[in-house]
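Analysis of the macromolecular model
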Amino acid sequence: MSLKTFLKIDHVDKVFPLGGGKEYVALRDVELEIRENEIVSIIGHSGCGKSTILNLIAGLDTISKGTILLENKHILSPGPERAVVFQNHSLLPWLTVYQNIEMAVKKVLGSTLSASEIRDHVMKYISMVNLDHAKDKYPGEISGGMKQRVGIARALSIQPKVLLMDEPFGALDSLTRANLQDHLMRIQMQTGNTVIIITHDVDEAVLLSDRVIMMTNGPEATIGEILDVNLPRPRKRLELQHNEEYLRCREAIIEFLYSKFAKDDE
Amino acid sequence: MPFKAINILLLPLLLLGVMVGVWSYIALKIPGFPTPSEVWSELFVVLSDPLYNNGAGDQGIALQLGNSLARVFGGFAIAIAVGVPVGLLIGMSKSAYTAFNPYIQILKPVSPLAWLPLALFVFKEVNTTAIFVIFITSIWPIIINTALGVRSVSEDYLNVARVLQLTPFEKVFQIILPVAVPFIFTGMRLSLGIAWLVIVAAEMLTGGVGIGFWIWDEYNNLNYAHIIIGIILIGVIGYILDTVMGLIADFFDYRKRGRV
Ligand SMILES: Nc1ncnc2c1ncn2[C@@H]1O[C@H](COP(=O)(O)OP(=O)(O)OP(=O)(O)O)[C@@H](O)[C@H]1O
Ligand SMILES: [Mg+2]
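Residues numbered from 1 in each chain as written. Chains lettered and ligands numbered in written order. Predicted model: local features only at pLDDT ≥ 70, side-chain atom pairs only at ≥ 80, totals over all residues. Heavy atoms only, no water.

Side note on the overall build of chain A
When you go through chain A residue by residue, the secondary structure sums to 8 helices and 10 strands. Against the globule reference of 18 Å for 266 residues, chain A gives a C-alpha radius of gyration of 19 Å, in line with a compact fold. Based on the C-alpha atoms only, the size of chain A along its principal axes is roughly 55 × 50 × 35 Å. The buried share of chain A, reckoned over its 266 residues, is 53%. (Helix = DSSP H or I, 4+ residues; strand = E, 2+ residues; numbered from the N terminus. Rg over C-alpha atoms; globule rule 2.2 N^0.38 Å. Buried < 20%, exposed > 50% of the residue type's maximum accessible area, 1.4 Å probe, protein only.)

Describing the site of ligand 1
Residues and elements named next belong to chain A. As a structural note, the neighbourhood of ligand 1 is formed by 14 residues, with Ser46, Gly47, Lys50, Ser51 and Thr52 the closest of them. In the environment of ligand 1, an oxygen atom lies 2.7 Å from a nitrogen or oxygen atom belonging to the side chain of serine 51. At 2.5 Å from an oxygen atom of ligand 1 is found a side-chain nitrogen or oxygen belonging to threonine 52. Considering ligand 1 on its own, with 630 Å² of exposed area, one finds that the protein chains cover 62% of that surface. Listed by contribution, the elements that provide at least two residues to the shell around ligand 1 are strand E2 (23-35) and helix H1 (50-58). A total of 3 residues in the shell around ligand 1 trace back to one element, the largest contributor, which is H1. (Near = heavy atom within 4 Å. Polar contact = N/O pair within 3.5 Å; in protein donor to acceptor, adjacent residues only side chain to side chain. Areas by Shrake-Rupley, 256 points an atom, 1.4 Å probe, with all protein chains shown as cover.)

Here's the deal with the pairing of strand E8 (residues 194-199) of chain A
In the case of a regular strand, side chains alternate between the two sheet surfaces. Residue and element names in this part refer to chain A. Buried residues dominate E8, accounting for 6 of its 6 residues. Burial along E8 is two-sided: Thr194, Ile196 and Ile198 and Val195, Ile197 and Thr199, pointing in opposite directions, are all buried. Sheet analysis places strand E3 (residues 39-43) next to E8, joined by 5 bridges and oriented parallel. Each bridged residue has a counterpart across the sheet, and for serine 41 the counterpart in E8 is isoleucine 197. Here strand E7 (residues 162-166) runs beside E8; their pairing, made up of 5 bridges, is parallel. Residue pairing across strands places methionine 165 opposite isoleucine 197, the latter belonging to E8. With helix H5 (residues 174-191) bridging E7 and the parallel E8, this β-α-β connection has right-handed handedness. (Pairing = 2+ DSSP bridges. Right-handed = clockwise from strand over helix to strand, strands pointing away.)

Quick notes on the interface of chain B and chain A
Interface size is often expressed as the accessible area that is lost when the parts come together. Opposite the 19 residues of chain B that make contact, chain A presents 24 residues. Summed over both sides, the interface of chain B with chain A buries roughly 1,900 Å², with 65% coming from carbon and sulfur. Applying the counting criterion to the chain B and chain A interface returns 1 salt bridge. Put simply, B:Glu170 and A:Lys107 hold a salt bridge, and the shortest N to O gap is 2.9 Å. Taken together, the connections running from chain B to chain A amount to 5 residue pairs in polar contact (both at pLDDT 80 or more). Every element with two or more residues in the side of chain B that touches chain A is listed here: helix H7 (155-163) and helix H8 (168-206) of chain B. Top contributing element to the side of chain B that touches chain A by residue count: H7(B), with 6 residues. Grouping the amino acids of the side of chain B that touches chain A by side-chain chemistry returns 10 nonpolar, 5 polar and 4 charged. (Contact = heavy atoms within 4.5 Å. Buried area = accessible area lost by both parts, 1.4 Å probe. Salt bridge = Lys/Arg side-chain N within 4 Å of Asp/Glu carboxyl O. Nonpolar A, V, L, I, M, F, W, Y, C, P; charged D, E, K, R; others polar.)

Focus: the environment of B:Leu164
The topology assignment puts B:Leu164 in the loop between H7 and H8. In this structure the C-alpha to C-alpha distance between B:Leu164 and B:Gly32, which are 132 residues apart in sequence, comes to 73 Å. Beyond its immediate sequence surroundings of up to four residues, B:Leu164 is in contact with A:Met103, A:Ala104, A:Lys107, A:Val108 and A:Ile158.

Side note on the sheet that holds strand E1 (residues 5-17) of chain A
Residue and element names in this part refer to chain A. Ordered by their spatial adjacency, 4 strands build an open sheet running E2-E1-E4-E5, and the pairing between neighbours is antiparallel. Because the sheet does not close on itself, it has two edges, and the strands there are E2 and strand E5 (73-74). Here 9 bridges tie E1 to E2, and the two strands are oriented antiparallel to one another. Among the inter-strand pairings, leucine 7 is bridged to a residue of E2, identified as isoleucine 34. Packing of H1 onto the sheet brings it into contact with E1, E2 and strand E4 (65-70), and relative to E1 it is tilted by some 120°. (Axes fitted to C-alpha atoms, helices over the stretch in contact; angles between N-to-C directions.)

Considering the nonpolar core
In terms of nonpolar packing, the biggest core is built from 152 residues, with A:Ile57, A:Leu163, A:Met165, A:Ile196 and A:Ile253 touching the most fellow members. For this core, the element with the most residues is H8(B), which contributes 17 residues. Leave out the neighbours within four places in its chain, and A:Ile253 touches A:Ile43, A:Val202, A:Ala205, A:Val206, A:Val212, A:Met214 and A:Leu227. (Core = buried A, V, L, I, M, F, W, Y, C linked by side-chain atoms within 4.5 Å.)

The structure is reproduced here in structure tokens:
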């Protein structure tokens, strides 16, 4: 794992203008450096500004103050080197699983690949999420967990530098969720992607991440603490059950969320 | 369920009986009003030679209907060619919406027939005038529904387009149109329905040829049975147009292909 800074969030503020000349300072002075190949999760109470940070990195929203640099280049607009897995999968319902991924691959890599290479490339990512059998189905014909896997495959297929995931498993039941977490860890070991994942779930944060970014509550939310998770990979959820490091990390996050920055109205 | 199948046949027939009864009563009360049996036998006369052509003003029913349909489809096609791009534009651009909206709102409630004298003055010709009136009739629902379709494209899909850096052209064809097409077809179906209503009135005013003219001409000929035949034929064709449009609309609607 290289230690050079890969993604740098430098003193970033985000202010939303509200009606009548008022404004809402969602983020204040957020500073974070993320290394290549790292899996980082961002955890915090609802409304603290997790999605806001992710949207700023994705370039889907504009920074009010400060800069975000990816490999020393300013992030000013969205781009395929920062793929996003949206919470509600956002697959195009009129395209099949295959076509959804193909559309992204054609657009981003189409100029460098031949027609048969595009086919192989798309199939490689469909296989990566074990969806070969469903490749010709429409999003409306597959389960929520499968849709989310397609979303992940689509995001990875364009070979992004950073994979941004906004509560990717939030809408899924806990069994499906566990299954997808395993998928994600396995795929990340294969591809070495840098992953930023937003979550509400303490166990998910510890299981997946190299570091857990804990956010304070808004307005003017910022990073409260950063927790290093010193667990070797590959990680097996069963073995972690009683692992000391796992329990320590879990406790630290719970302590942060429910004691230091508790939120009554949740 | 056999009970239901029988009802589907029986209930409309029952009502038909009632209607024929009322009609016969009216025919009895108003001297000269065509009776059901007169209309029935006249129907075969009219339909037996639908393609005769004795020059302007005296042509078979199929030619009359064909002329009306040709005008409707002419104006309708131009309305689609103009209305869909305009709808896409005002759906996608707030500036375009702001510029166009007041005029659309003001022109939309104007009866298309109000344009007819002006069109007749400009074109000096019946056929073009009728096509123009149908164009004006059809354009508003197409513009409005297209714009509605564009605006119903979810933010998520647009974000996908942004992350992939789709060009505006790619965005229209790969993201916006698939969502908007069902809305566009809803607009087209509405337009076609109104156009079929309007053409009858327009042709009564313009004269010459067409089902509207035919009905008015038969009034002048005191041939009231033909008026009723005209009404029935207009209804049947309107129903067919609407059904076919509905089928086409469903075909292009990704949500209606078992994919939801
Ligand atoms: N466009 C906007 N205009 C005004 N305020 C906004 C806007 N978007 C977000 N906010 C506010 O910024 C704050 C952070 O929102 P954000 O969506 O980032 O929270 P979050 O941490 O992702 O919450 P959740 O866990 O519920 O998804 C919230 O208080 C929200 O109301
Ligand atoms: Mg959020």
